[in-house]
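The chain contents come next:
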Amino acid sequence: MTVIKKSGPDAGMIATLIAVLKRDLTIAYRRKQDLANPLVFFIIAVSLFPLGVSPDKSFLQEAGAGVVWVAALLATLLSLDGLFKSDFDDGSLEQYVLCPQPLFLVVLGKVIAHWLVTGLPLLLLSPVLGVMMFLSGEQIKVLFVTLLLGTPVLSLLGAIGAALTVGLRSGGVLISLLILPLYIPVLIFGTGTVNAAVSGVSTLGFLSILGAMLALALALSPIATAAALRISMSN
Amino acid sequence: MWSFFHKLGSPRWFYDIGGKWLPWFALAAGILLVTGAVWGLLYAPADYLQGNSYRIIFVHVPAAFLAQSIFMMMAVSGAVGLIWKMKLADMFLKAVAPVGASFTFLALFTGAVWGKPTWGTWWVWDARLTSMLILLFLYFGVMALQAAIEDANVAAKACAVLALVGLVNIPIIKYSVDWWNTLHQPASLKLTEKPTMHPDMLIPLLIMIVGFYCFFAAISIMRTRNEILEREKRTAWVKALVQTGGRNA
Amino acid sequence: MNPKRKQRLIIVLFIVFGCATAIGLVLVALNENINLFYSPTQIAAGEAPVDARIRAGGMVVEGSVKRNSKTLQVDFQITDFAEKVTMSYVGILPDLFAEGQGIVALGRLNADGVFVADEVLAKHDENYMPPEVAEALEKSGKTKDSMSPAPAY
């Protein structure tokens, strides 16, 4: 059984996924500065709110989860421009489109790698920022779970925008315009969960909506991204 | 059936036939809109609760209907353009996006004007209003993407993908009033049930809705024809058309 | 089956599985109250959290509106025809606010079970009719709801 599987095509599929993942992680590791930029942005953006709006503890407690979510969303948005850009510039994207392996898998691998280098660090940093915003332990826990479910959705949806704008000069701003409307529901339910937890209401409903978004995005957004890449490459 | 479908793929055929239909749609839109507006605004009875302010329904509801159906049409024509590589579908998609955005804005604006006297607020962040706002942003996204890509074929395909992705928003708009306890009231007009509206108000509303659709048909034919001329300007038939002074040869 | 087809099949299965999971989770969510909206019955049963910002809605009970003559304070009761909840609000009410009319209020439930609203919005239903018709319906003993399914309060 295992022997057949390893030589069969589905083993090949997993191998493709892992190969893409490994390549992107290696590249990301070699460009440490690019890796750090969204994180630094995340921290600075969050710390603007106490300075710009009010350092009042009760205000920050109420707004904190939303602020962290918005900052995470914007930080992801900033990092999206580079998702396919370097591959496009050096021609490897064209090879991906032409290669016999399904583009669906390549895209999925690239998005997972993107999440590992941007979404995951944001997620790990969020408790620290939560403490900065005077969130309670319970709030921080819920915030962490919502970001765990939400940031992969941000990467998956963002990939569609990145693929649509890959060959364009004005890509960066355009991605925001295309993708932000799609991010709004994720943001609403992400912060809604934390608010529900504060009110002492069951968060199960909210979390399952976030989970549904993740499942749907995982299944469908690579198709849209792959189609968008083919279109952009035909230019 | 199939020959019709193939003909539809030919921009030249659509240019001719659209030119013939256009005056009829425009005429129908003019008559219906004037009738509906005069009937609705002057002769329909006031509402037992809202008084005269409910009359904004005669603009608000048709605009909101169109805002959603135009996006669906864009997604369908986008799919047709992607699958069958039909040029006309691409042109239609490009031509109607700004029209859809305008109707979405109109629906939101009239909704705000209506909301102030009835709910007591211009705007609430409830599910129906938010999802309509997202629809407006999606229209802006399609328009911006269209403008950013120079190659017309690539632009059309990219917009088609975006329109298809944005389609997830449409059922959310439609069912938001049923799923969530929104401030926005549930639909008064349903396909399966009796409308919850008195006939004296319903008939002018239906006239307005049909009038708005005719208006949209006229506008979209006009804009699509323009787009055809722009895109086909190097072909022989367009050159011949220009030489005969725009009259159909 | 050739490998290419098998690959496609696996991807399609993956997509179907993803969609099915999403639908299942949405069904779970629909059974939960994700509105932070509470009816008077739910509030009376103690389901609503105390001192958290929630929404509540219902019909204003006939004859329950008490206005303070000096301030803008208004006290009234709302009902879903099963239970009643007392609300208090300071401010200007929307034009459509009236006894027997549906409202949605945002605010906090205090420890005494009184809903302290900081925003009151009039919700109107999907029924439209001329005043004469409404009057006639009322006279004949039918409520306007008999024209349509009851509003979702």
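Residues numbered from 1 in each chain as written. Chains lettered and ligands numbered in written order. Predicted model: local features only at pLDDT ≥ 70, side-chain atom pairs only at ≥ 80, totals over all residues. Heavy atoms only, no water.

A. Broad picture of the overall build of chain B. When you go through chain B residue by residue, the secondary structure sums to nine helices and zero strands. Beginning at the N terminus, the succession of helices and strands in chain B can be written as α-α-α-α-α-α-α-α-α. Computed over the C-alpha atoms, the radius of gyration of chain B is 20 Å, within 12% of the 18 Å expected from 2.2 N^0.38 for a compact globule of 249 residues. Within chain B, the proportion of its 249 residues that are buried is 52%. Sequence-distant contacts, at least 24 apart, represent 76% of the contacts inside chain B between residues at least 6 apart. As presented, chain B carries roughly 11500 Å² of accessible surface, and 70% of it is formed by carbon and sulfur atoms. Positive and negative side-chain charges of chain B, numbering 20 and 12 respectively, have mean locations separated by a distance of 7 Å. (Helix = DSSP H or I, 4+ residues; strand = E, 2+ residues; numbered from the N terminus. Rg over C-alpha atoms; globule rule 2.2 N^0.38 Å. Buried < 20%, exposed > 50% of the residue type's maximum accessible area, 1.4 Å probe, protein only. Contact = heavy atoms within 4.5 Å. Areas by Shrake-Rupley, 256 points an atom, 1.4 Å probe, with all protein chains shown as cover. Lys, Arg positive; Asp, Glu negative; His and termini not counted. Charge placed at Lys NZ, Arg CZ, Asp CG, Glu CD.)

B. Broad picture of the nonpolar core. Membership of the largest hydrophobic core comes to 152 residues, with the highest contact counts inside it found for Met74(B) and Phe76(C). Per-element accounting of this core gives the leading share, 14 residues, to helix H8 (residues 137-164) of chain A. Other than its neighbours up to four places away in sequence, Phe76(C) contacts Val60(C), Ser64(C), Val65(C), Val85(C), Thr86(C), Met87(C), Tyr89(C), Phe97(C), Ile103(C) and Val120(C). The next biggest cluster of nonpolar side chains, apart from the first, holds 14 residues, and it includes Tyr15(B), Leu22(B), Val80(B) and Ala218(B). (Core = buried A, V, L, I, M, F, W, Y, C linked by side-chain atoms within 4.5 Å.)

C. The arrangement of the packing of helix H4 (residues 57-80) of chain A against H8(A) in detail. Residue and element names in this part refer to chain A. At a minimum axis separation of 10 Å, H4 and H8 run at an interaxial angle of 25°. On the basis of the axis angle, H4 is roughly parallel to H8. Once H4 is placed against H8, the crossing between them reads as right-handed. Taking contact as the criterion, the partners of Gln61, Ala65, Val68, Trp69, Ala72, Leu73, Thr76 and Leu80 in H4 are, on H8, Gln139, Leu143, Thr146, Leu147, Gly150, Leu154, Ser155, Gly158, Ala159 and Ala162. (Axes fitted to C-alpha atoms, helices over the stretch in contact; angles between N-to-C directions. Parallel < 35°, antiparallel > 145°, perpendicular 65-115°, else oblique. Left-handed = near helix turned anticlockwise from the far one by under 90°.)

D. Looking closely at helix H7 (residues 103-132) of chain A. Residue and element names in this part refer to chain A. Compared with the 44 Å implied by 1.5 Å per residue over 30 residues, the 42 Å span of H7 between its first and last C-alpha is a close match. The largest bend along H7 reaches roughly 40° and is located at Leu116. Counting buried residues in H7 gives 21 out of 30 residues, a clear majority hidden from the surface. Downstream of H7 by a residue or two, Phe134 has a phi angle that is positive, lying close to 60°. (Expected span 1.5 Å × (residues − 1). Bend = angle between axes of the 7 residues up to and from the residue.)

E. Region of the structure containing the confidence of the model for chain B. Model confidence for chain B is summarised by a mean pLDDT of 86, while 92% of its residues fall at 70 or above. Note on the complex model: pTM 0.83, ipTM 0.80. (pLDDT = per-residue confidence, 0-100.)

F. The arrangement of the environment of Ile83(B) in detail. Considering the arrangement of structural elements, one finds Ile83(B) in helix H3 (residues 57-84). For the pair Ile83(B) and Lys116(B), spaced 33 residues apart in sequence, the C-alpha to C-alpha distance is 46 Å.

G. Summary view of a positive patch on the surface. Residues Arg230(A), Lys4(C), Arg5(C) and Arg8(C) make up a contiguous surface patch of positive charge. Tallying contributions element by element places helix H1 (residues 3-31) of chain C first for the positive patch, with three residues. Within the element layout of this structure, Arg8(C) appears in helix H1. (Patch = residues over 30% accessible without salt bridge, like charges linked within 9 Å, V, L, I, M, F, W, Y side chains within 5 Å. Salt bridge = Lys/Arg side-chain N within 4 Å of Asp/Glu carboxyl O.)

H. Region of interest: the packing of H3(B) against helix H8 (residues 199-231) of chain B. Residues and elements named next belong to chain B. Across the interface, H3 lies against H8 with an axial gap of 9 Å and an inter-helix angle of 40°. With respect to H8, the element H3 is oriented oblique. Taken as a pair, H3 and H8 cross one another with a handedness that is right-handed. Facing H3, whose interface residues are Ile57, Phe58, Val59, Val61, Pro62, Ala63, Phe65, Leu66, Ser69, Ile70 and Met73, H8 presents Met201, Pro204, Leu205, Met208, Ile209, Phe212, Tyr213 and Phe216. Split by residue class, the contact of H3 with H8 holds 18 nonpolar, one polar and no charged. (Nonpolar A, V, L, I, M, F, W, Y, C, P; charged D, E, K, R; others polar.)

I. A look at the pattern of salt bridges. All names here are of chain A. If you walk through the whole model with that rule in mind, you get eight salt bridges over all chains. Measuring nitrogen to oxygen at the nearest pair gives 3.2 Å for the salt bridge that ties Arg23 to Asp87. Of this pair, Arg23 sits in helix H2 (residues 9-30) while Asp87 sits in helix H5 (residues 82-89), and the two are 64 residues apart along the sequence. Note on Asp87: relative accessible area 2%, which makes it buried. Each member of the salt-bridge network shares a partner with another, and the members are Arg23, Asp24, Asp87 and Lys110.

J. Quick look at the interface of chain B and chain C. The interface of chain B with chain C comprises 30 residues on the first partner and 28 residues on the second. When chain B packs against chain C, the two sides together hide about 2600 Å² of surface, and 59% of this comes from carbon and sulfur. For the pair chain B and chain C, the number of links is zero salt bridges. Here chain B is connected to chain C by zero residue pairs in polar contact (both at pLDDT 80 or more). Looking at which element gives the most residues to the side of chain B that touches chain C, the answer is helix H4 (residues 87-118) of chain B, with three residues. In terms of residue class, the side of chain B that touches chain C is made up of 17 nonpolar, 11 polar and two charged. (Buried area = accessible area lost by both parts, 1.4 Å probe. Polar contact = N/O pair within 3.5 Å; in protein donor to acceptor, adjacent residues only side chain to side chain.)

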